[in-house]
Amino acid sequence: NAGVTQTPKFQVLKTGQSMTLQCAQDMNHEYMSWYRQDPGMGLRLIHYSVGAGITDQGEVPNGYNVSRSTTEDFPLRLLSAAPSQTSVYFCASSYLFGDYPQYFGPGTRLTVL
Amino acid sequence: GENVEQHPSTLSVQEGDSAVIKCTYSDSASNYFPWYKQELGKGPQLIIDIRSNVGEKKDQRIAVTLNKTAKHFSLHITETQPEDSAVYFCAASPRDDKIIFGKGTRLHILP
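Residues numbered from 1 in each chain as written. Chains lettered and ligands numbered in written order. Predicted model: local features only at pLDDT ≥ 70, side-chain atom pairs only at ≥ 80, totals over all residues. Heavy atoms only, no water.

**Focus on the layout of surface pockets**
Argument step 1. Looking at the largest pocket, its volume works out to about 730 Å³.
Argument step 2. Forming the boundary of the largest pocket are 33 residues, of which Gln37(A), Arg109(A), Gln38(B), Leu40(B) and Arg106(B) lie nearest the centre.
Argument step 3. Residue assignment for the lining of the largest pocket shows that the elements contributing at least two residues are strand 4 (31-38), strand 9 (87-94) and strand 11 (108-112) of chain A together with strand 9 (86-95) and strand 11 (105-110) of chain B.
Argument step 4. Of all the elements, strand 11 of chain A adds the most residues to the lining of the largest pocket, at four residues. (1 Å grid on protein atoms, 1.4 Å probe; cavity = no way out; pocket = protein on both sides within 12 Å on 5 of 7 lines; lining within 4 Å. Points joined across faces, edges and corners; volume = space filled by probe spheres on them. Helix = DSSP H or I, 4+ residues; strand = E, 2+ residues; numbered from the N terminus.)

Dropping the structure here:
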């Protein structure tokens, strides 16, 4: 099993550009989520999904969109990138959300100029 | 609101000594407490977890203790080794659709 994969590993954007961060898992997990990690802030939840076709907002959803058309994939879209979105983004999946282990991807380091 | 406080933010210990990281949580409904280790340039990885019906759990050099009355839990690493250097996150789950992370502890193992 590849586990949770994320692409790209690094990305530089200009303010106002849009892009999609890809996330895929091959563990047949129903729950998937996106976090951003900033220095001193820990992991903050952006959006999550409890299954295909179902998504919900986390702690910091503004400026991001998600969709879940399949169990395997959970892309994160930045609609109009801003410098405040410079961060490291992690995708995670789990058998059940919350009270089960989360499996994290390797992360995408995004810089917005 | 729901919160997980983690201390210290940075910890340096001599190789071979023990390291202890402490977390407190605010929601008494929390019933699942995982610990994650994040090495440089990688995603967090689960190292140990404990549920509220258990007071202590051990896995080789790593142990976690839980005090539900005081709403705190701790990670203990004994006989520390250079590869233990990393950032460690605690987390608490107050219900099955929510998990709250602490802000992390950067552990340095000194030679």
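**Observations regarding the interface of chain A and chain B**
Argument step 1. With 18 residues of chain A at the contact, the number on the chain B side is 21 residues.
Argument step 2. For the pair chain A and chain B, the summed buried area comes to about 1,500 Å², and 58% of that belongs to carbon and sulfur atoms.
Argument step 3. The interface formed by chain A and chain B includes zero salt bridges.
Argument step 4. For the interface between chain A and chain B, the tally reads two residue pairs in polar contact (both at pLDDT 80 or more).
Argument step 5. Of all the elements in the fold, those that place two or more residues in the side of chain A that touches chain B are strand 4 and strand 5 (42-51) of chain A.
Argument step 6. If you tally residues by element for the side of chain A that touches chain B, the top one is strand 5 of chain A, at three residues.
Argument step 7. In the side of chain A that touches chain B, the residues fall into ten nonpolar, six polar and two charged. (Contact = heavy atoms within 4.5 Å. Buried area = accessible area lost by both parts, 1.4 Å probe. Salt bridge = Lys/Arg side-chain N within 4 Å of Asp/Glu carboxyl O. Polar contact = N/O pair within 3.5 Å; in protein donor to acceptor, adjacent residues only side chain to side chain. Nonpolar A, V, L, I, M, F, W, Y, C, P; charged D, E, K, R; others polar.)

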